Amino acid sequence: MGFRRVIIGLLCLAGLAVVLDFGMAAYSEYRVSRLLREGSDLGADPEVTFHGFPFVLQAMNGEFQNVDIRARAVRPDIPGEIRVEANLRGVHLPFGDLTDGNVSKVPVDLVEARMRVEPNELGRLFKIPDLQVFGPPADKSDGLGGSGGSGMTNDGVIILTGTLPLDSAPESPGPLTVSTRSKEAVSVLATLRLVGDQIQITATDIYRGTENTVLSGADTSPRVISEADKPRVLAMFTRTIDTRDLPFGIVPTKVEAIGGQIVVEGKGDDVTVDLDRLQQP
């Protein structure tokens, strides 16, 4: 009977230790979240997650294994909000400094930063509300050697689809007028490149899918675009996006189209960051 009580007591202590550990982790997540919101002028508290158990041991050593940060950020050149993410591996931060808010300079072994521009924001940016982004065609006979569907880009080739006001009789020459315009679904081939700190999306040609080139939800029906309309259509699908909101000033190294989003990311080794400033001034 006494042995059973000992076991129950140990289990209770273990449970209490786990609760206290999670409580201390939650408090630390709250502290960092508030610092980031105030320092970066965010509209809402970002999501902060400290990974690894036990958290107390990490806090005592002042070295945190893995910290995830996710936030919504507003910027003047993109209507709406973008999503910024950072993964910090090997964060050297005394727990006392965290509780006191003294986190101006924090050494981190590895920072992986990411910025996502989602479909709604892309539609507002291009002024094409129903804009969709797809990976290259799956049919390799088109010469693109694509991976298909709406996955990652291959060699910077993507397909953009959206509804535009076009001439109802595109084969007829002459300028467009309001009375002859109708809204039509159009798909274009475009290149997606990272040039310095800018994402360049450049429409290169009208895309006309075939029955052997199937995209998940993309418009693949042939659409005749007049030569007079073509430059205007391609221009509407062409944009440049700055990457200055990559978290903690990390330099971008890769851009992809994933799941209808434009995703740019980069990473840095042995970086000193301000945990109270997700976005750089």
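Residues numbered from 1 in each chain as written. Predicted model: local features only at pLDDT ≥ 70, side-chain atom pairs only at ≥ 80, totals over all residues. Heavy atoms only, no water.

Student: Even after reading the chapter, I still don't get the overall build of the chain, so can you show me in this structure?
Tutor: The helix and strand tally for the chain stands at 5 helices and 11 strands. When the 281 residues of the chain are sorted by exposure, 43% land in the buried category. Considering only contacts within the chain whose residues lie at least 6 apart along the sequence, 63% involve residues at least 24 apart. When the accessible surface of the chain is totalled, it reaches about 14,400 Å², and 54% of it is carbon and sulfur. (Helix = DSSP H or I, 4+ residues; strand = E, 2+ residues; numbered from the N terminus. Buried < 20%, exposed > 50% of the residue type's maximum accessible area, 1.4 Å probe, protein only. Contact = heavy atoms within 4.5 Å. Areas by Shrake-Rupley, 256 points an atom, 1.4 Å probe, with all protein chains shown as cover.)

Student: What exactly am I supposed to notice about unusual backbone geometry here?
Tutor: Leave glycine aside and you will find that most residues have negative phi; peptide bonds, for their part, are mostly trans. Phi angles above zero are rare outside glycine, and Lys 127 is one such case at about 60°. Lys 127 sits in the exposed class, given a relative accessible area of 68%. Notably, Asp 270 is not glycine yet its phi reads approximately 50°, a positive angle. On the secondary structure map, Asp 270 appears in strand β11 (residues 261-273). By relative accessible area, which is 67% here, Asp 270 ends up exposed.

Student: In this structure, what is going on with the confidence of the model for the chain? I would like to understand it.
Tutor: The predicted structure's coordinates, where accompanied by low pLDDT, should not be read in detail. Mean pLDDT over the chain: 76, with 72% of residues reaching 70 or higher. Here helix α1 (residues 2-40) stands out as the element of the chain with the lowest mean pLDDT, 67, in contrast to strand β4 (residues 106-117), whose mean of 92 is the highest. This stretch, residues 168-179, has a pLDDT under 50; its non-local contacts, to residues over four places away or in other chains, come to 11 contacts. For residues 210-222, every residue scores under 50 in pLDDT, and the model assigns this stretch 30 contacts once sequence neighbours within four places are set aside. (pLDDT = per-residue confidence, 0-100.)

Student: Just checking my understanding: could you explain the packing of aromatic side chains for this structure?
Tutor: Given two aromatic rings, their pairing is described by the distance between the two centres and the angle made by the two planes. The full count for this structure, using the stated rule, is 3 aromatic pairs. Between Phe 50 and Phe 64, the aromatic rings sit 5.2 Å apart at their centres with planes inclined by 65°, giving edge-to-face as the arrangement. With a gap of 14 residues between them, Phe 50 in strand β1 (residues 47-51) and Phe 64 in strand β2 (residues 63-75) connect regions that are remote in the sequence. Grouped by ring-pair contacts, the aromatic residues Phe 50, Phe 55 and Phe 64 constitute a single cluster. (Phe/Tyr/Trp six-rings, centres within 6.5 Å; stacked < 30°, edge-to-face > 60°.)

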